[in-house]
Amino acid sequence: MFKDYFGSEPQVRAQAPGRVNLLGEHTDYNDGFVFPTPLVYQTQVEASPSERVEAYAERFGEFRSRELGEGAQGDWLDYVAGCVWALRQAGLEVGGLRAYVTSQVPAVGGLSSSAALEVAVIRALRELYRLPLDDVQVALLAQKAEVEYVGVRCGIMDQMASSAGRPGQALFLDTRSLESDLVPLPEGYRVVVLDSGVPRRLAESGYNTRRAECEEAARLLGVKALRDVGLQDLPEVEALPEPVNRRARHVVTENARVLEGIEALRRGDVQRFGELMYASHASLRDDYEVSIPELDELVEVARKHGAIGARLTGAGFGGAAVALIKAEDFERFKSDVLKDYPKAQVF
């Protein structure tokens, strides 16, 4: 811990959770709707002020340090230094920090370990330097750090889920207005993460390609973003050239699935919510083409063993799936899934 490594007590401790997305994949950078929920797994930052940005990451067993004015260097410290940079860019009076970072967020694709780190660091800086930041401002600054300093063109969903999400609830987020609402998850059910064991090798390049295809679809349809296209416009969407027609169709139908899914949960129709999760995966597989055979297999294994719903979560091209099951069935479900798909991790 901080004292053991740096020889003194930290001045502040802050933490933030990873997240899993239940519905609304690849909609956030299209100004659409998303429905993530925070995980119980947290990233914790213990910190004190410093004239530099210096941190020890327990997961990597590594200490790194740089001056406040230095740019990104392509390592994990970028996510810490980027937060300091973003706050200073926003005109806030912030110095550096000395941090000890621990994380329970599983190191698998699709659980937003980077957003958890960013939000935890900004929460620590908020306390260290007495900054007047609310949860939405924290999320926006964390996103700014990742997009403009680290160089990853992420949407706002991950940071908002980590900053504004609450345990046992899912966050309905309008990524255009940033209006949000917390929706209780159904009692007696459990959200389960199933790691495929396949690294997300093409996630970054595939993500950028899909984003560009969506921007082209919006341009051809004459709208600011695909958020502005509804189910009634599907004939125009389907008339677009390949493959942007299918990319746009996924976004349009996925936004509709989020809205319907929330209403299903509010009226207690868990079965319908599960059906929408399966439909989301099919759309991600066929129209958006970000799934892989291993994720498809894992979703079908989950279905076979009683999951109410299941789908890939995150950018795709590897990583994890998410399933909704009855909480009492977890141990049996885990055992059955691992028999059919031994290389998975289920938690």
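Because the structure is a prediction, the values reported are computed rather than measured.

Caption draft 1: Region of interest: the overall build of the protein. A tally of regular secondary structure across the protein gives 11 helices and 11 strands. For 347 residues, the compact-globule formula gives about 20 Å, and the C-alpha radius of gyration of the protein, at 20 Å, lands near that figure. Oriented by its inertia axes, the alpha-carbon framework of the protein measures out at about 60 × 50 × 35 Å. For the protein, contacts bridging at least 24 residues in sequence account for 70% of all contacts bridging at least 6. Total accessible area on the protein is roughly 14,300 Å²; 46% of this is exposed by carbon and sulfur atoms. Taken together, the 40 basic and 53 acidic charged side chains of the protein have centroids lying 1 Å from each other.

Caption draft 2: The packing of aromatic side chains, seen in detail. Taken as a whole and assessed by the stated rule, the structure comprises 13 aromatic pairs. Measuring from centroid to centroid gives 5.8 Å for Tyr41 and Phe347, while their planes differ by 85°, and the two rings are edge-to-face. Pair noted here: Tyr41 is in strand E2 (residues 33-50) and Phe347 is in the segment after strand E11 (345-346), with a separation of 306 residues, a long-range link. For Phe347, a relative accessible area of 14% translates into the label buried.

Caption draft 3: Expanded view of helix H10 (residues 293-304). The terminal C-alpha atoms of H10, which comprises 12 residues, lie 16 Å apart, in line with the 16 Å expected from a rise of 1.5 Å per residue. For H10, every residue scored as buried is listed here: Leu295, Leu298, Val299, Val301 and Ala302. For H10, the arc enclosing every buried residue in end-on projection is 160°, short of the 170-degree limit, so these residues lie on one face. Opposite its buried face, H10 presents the exposed residues Pro293 and Lys304, each directed more than 90 degrees away. Among the structural elements, strand E8 (189-195), helix H9 (270-286), strand E9 (309-313), strand E10 (320-326) and helix H11 (330-340) are those in contact with the buried residues of H10.

Caption draft 4: Quick look at the nonpolar core. Among the nonpolar cores identified, the biggest contains 41 residues, and Leu194, Leu226, Ala323 and Phe333 are the most heavily contacted of them. Those residues in contact with Ala323, other than ones at most four positions away along the chain, are Arg190, Val191, Val192, Leu194, Met277, Ala302, Ala307, Gly309, Ala310 and Phe333. With 36 residues, the next largest nonpolar core counts Val80, Leu87, Ala120 and Ile122 among its residues.

Parameters at a glance
- Residues numbered from 1 in each chain as written.
- Predicted model: local features only at pLDDT ≥ 70, side-chain atom pairs only at ≥ 80, totals over all residues.
- Heavy atoms only, no water.
- Helix = DSSP H or I, 4+ residues; strand = E, 2+ residues; numbered from the N terminus.
- Rg over C-alpha atoms; globule rule 2.2 N^0.38 Å.
- Contact = heavy atoms within 4.5 Å.
- Areas by Shrake-Rupley, 256 points an atom, 1.4 Å probe, with all protein chains shown as cover.
- Lys, Arg positive; Asp, Glu negative; His and termini not counted.
- Charge placed at Lys NZ, Arg CZ, Asp CG, Glu CD.
- Phe/Tyr/Trp six-rings, centres within 6.5 Å; stacked < 30°, edge-to-face > 60°.
- Buried < 20%, exposed > 50% of the residue type's maximum accessible area, 1.4 Å probe, protein only.
- Expected span 1.5 Å × (residues − 1).
- Arc of directions from axis to C-beta.
- Core = buried A, V, L, I, M, F, W, Y, C linked by side-chain atoms within 4.5 Å.

None of this, on its own, says anything about what the molecule does.
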